[in-house]
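Per-entry structural report
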Amino acid sequence: MDFEKTISELYYKYGSFNVRDLVNNNPDLLNALIDDLKRLTGLSFNVANGLLGYSRVRHLGSTGLGSIGYNRRSYSSSYARKLVVEMLDNIRTTTVVSNTGSGNYVPNANLDEINLDEVEGEVLQNGVSSNLNPNTFSMGMILLHEWGHTISGGQYEDVDYDNNGNAIDGKNEGFNELAHDYNRIRRQMGRYSLQSWRRRKTYNLDTMGQTGYMAMNRTSRRRILKTYYRHRPFRLPSHSKFIKIP
Ligand SMILES: [Zn+2]
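Rules behind the numbers
Within each chain, residue numbers correspond to sequence positions counted from 1 in written order. Per-residue local features of the predicted model are confined to residues with pLDDT of at least 70, and side-chain atom pairs are confined, for both listing and counting, to 80 or more; whole-chain, interface and lining totals are unaffected and use all residues. Helix numbering and strand numbering both begin at the N terminus, where a helix is a DSSP run of H or I of at least 4 residues and a strand a DSSP run of E of at least 2. With C-beta atoms placed from the backbone, a residue is labelled by how many other C-beta atoms lie within 10 Å of its own: buried for 20 or more, exposed for 12 or fewer, partly exposed between the two. The contact rule is simple: place each C-beta atom from the backbone, and if two of them lie within 7 Å, those residues are in contact. For two strands to count as paired, DSSP must find a minimum of two bridges between them. In this description, a line fitted to the C-alpha atoms serves as the axis of each element, helices being fitted only across the stretch in contact, and the angle between N-to-C directions of two axes falls anywhere from 0 to 180 degrees. Within this analysis, the arc is defined by the directions that extend from the helix axis to the C-beta atoms.

A few words on the overall build of the protein chain. A tally of regular secondary structure across the protein chain gives eight helices and ten strands. Buried residues in the protein chain amount to 39% of all 246 residues. Here the contacts in the protein chain between residues at least 6 apart in sequence split such that 59% fall between residues at least 24 apart.

What follows is the structure, encoded as structure tokens:
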């Protein structure tokens, strides 16, 4: 047994966040998720008995050099760290299930189960405009979003509703992705990134022909709506920030 690993495992805290299905069926996705969570939170992560644990101790030794930047808390998001600790420390068991090719979602808000689909994740990451950091829709961000739909995450809905029960979705600055402000994570991460993470402006895509667009800043949203309602030829200025879904 590797001594460094044994020592560091003493510092990991395991709640009841169950990733057993990923260990058995989709270890690549699990590794990608852990990389994302490290980058977002600056914490270290480990899996034991199918449970995901975290450590606030700086991870030194065999992976120390390779993880510089990850484990520098100053380069991560304090808000992501707060959410991830809440997620992993929770007294409720949340189970993550591999759902390759079939979508990222919580099948039942009362079940504490999260289905993850790295194929859908790739479509989002590949669709970011060249001036955006693809990690703005990393699997780690998607995991946090989906967790917001579970009981332990708060059973939040994707959009807010006005007094008449109509969905408020990107029509004003009040839009938040669930009630957890994931845009706050994007803002904090963007400070340390050469490419901006920007802020998601809508839940639903604006569809132009066969192509869906998700605005990632206000001017892009305005331009997309103008094109949509006035049937103008679709052209976004080069500084626009958006995600394009073919
Ligand atoms: Zn959602």
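This part covers the sheet that holds strand β10 (residues 242-245). Hydrogen bonding along the main chain pairs the strands of a sheet, whether they run parallel or antiparallel. Strand order in this open sheet of three strands is β8-β9-β10, and the pairing throughout is antiparallel. Of all the strands in the sheet, the pair left with one neighbour each is β8 (206-208) and β10. Taking the axes of each pair of neighbouring strands and ignoring which way they run, one obtains an average angle of 30° across the sheet. Relative to β10, strand β9 (residues 211-215) runs antiparallel, the two being bridged by four bridges. Considered in β10, the bridge of G212 is made with I245.

Another point: the sheet that holds strand β5 (residues 113-116). What the five strands build is an open sheet, ordered β2-β3-β1-β4-β5; its pairing is mixed. The strands lining the two open edges of the sheet, one partner per strand, are β2 (44-48) and β5. Taken over all neighbouring pairs, the strand axes of this sheet differ in orientation by 35° on average, direction set aside. Here strand β1 (residues 13-18) pairs with strand β3 (residues 51-55) via three bridges, running antiparallel. Across the sheet, residue N18 finds its bridge partner in β3, namely L51. Across the sheet, helix α3 (residues 27-41) touches β2, β4 (94-98) and β5, and the angle it forms with β2 is around 150°. Against the sheet, helix α6 (residues 139-147) engages β4 and β5, with an angle of about 150° to β5.

Every buried residue of helix α5 (residues 118-126) is accounted for by E118, E120, G121, L124 and Q125. Seen end-on, α5 carries its buried residues on one side only, within an arc spanning 155°. At its buried positions, α5 is contacted by α3, β5, α6 and β10.

Glancing now at unusual backbone geometry. The phi dihedral of N49 falls on the positive side, at around 55°, and the residue is not glycine. The phi dihedral of D112 falls on the positive side, at around 55°, and the residue is not glycine. Of note, D112 is situated in the loop between β4 and β5. For D112, a count of 21 C-beta atoms within 10 Å translates into the label buried.

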